[in-house]
Amino acid sequence: MSSEEAKVVVPRNFRLLEELERGEKGIGDGTVSYGMDDADDIYMQSWTGTILGPHNTAYEGKIFQLKLFCGKEYPESPPTVRFQTRINMACVNPETGVVEPSLFPMLANWRREYTMEDILIKLKKEMMTSHNRKLAQPPEGTEEARADPKGPAKCCVM
């Protein structure tokens, strides 16, 4: 049997269920986490992520919220990644919070075996690089979340 015949391609939903299970268990040192954004999303497309700002950087002491959207082509194609929390980082569009694939090699050179966990860990490492670690961050009090592209949040008035 050749090595090509030995490769098993895990279906999208099974892969996402594996990632969900791993995210719910907690990962690594606890400075990154992720999970489903909407438990009723049967296509498992909308996810949230959190990165705790690394020590000895301009990001220290801050909690960064992200949205990850896994389209129907995931994991063959990367998810779209967008910071909800305002951040100044070389690979992030300052207006939209979108992580620009052309500026973030992991997304530009996406491989099927990469996961959402890998993206969050790599973004945290990117915060620690020499060209990002000292970037001035938006002042406290300007941390309002970006509008969700799905539309305004639904709210109940009592």
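Residues numbered from 1 in each chain as written. Predicted model: local features only at pLDDT ≥ 70, side-chain atom pairs only at ≥ 80, totals over all residues. Heavy atoms only, no water.

### Considering the pattern of salt bridges
Counted under the stated rule, the structure contains six salt bridges. Across the salt bridge formed by E76 and R112, the nearest N and O atoms sit 2.4 Å from each other. Of this pair, E76 sits in the loop between β3 (63–69) and β4 (80–83) while R112 is found in the loop between α3 (105–108) and α4 (116–127), placing the two residues 36 residues apart along the sequence. We classify R112 as partly exposed; its relative accessible area is 22%. (Salt bridge = Lys/Arg side-chain N within 4 Å of Asp/Glu carboxyl O. Helix = DSSP H or I, 4+ residues; strand = E, 2+ residues; numbered from the N terminus. Buried < 20%, exposed > 50% of the residue type's maximum accessible area, 1.4 Å probe, protein only.)

### Section: the side chain of T85
Residue placement: T85 occurs in the loop between β4 and α3. Note on T85: relative accessible area 8%, which makes it buried.

### Topic: the side chain of T50
Turning to its location among the elements, T50 is positioned in strand β2 (residues 46–52). A polar contact is formed between the side chain of T50 and the side chain of Q65, at a distance of 3.3 Å. Once residues within four sequence positions are removed from consideration, T50 is found in contact with T31, V32, S33, I63, F64, Q65 and L66. (Polar contact = N/O pair within 3.5 Å; in protein donor to acceptor, adjacent residues only side chain to side chain. Contact = heavy atoms within 4.5 Å.)

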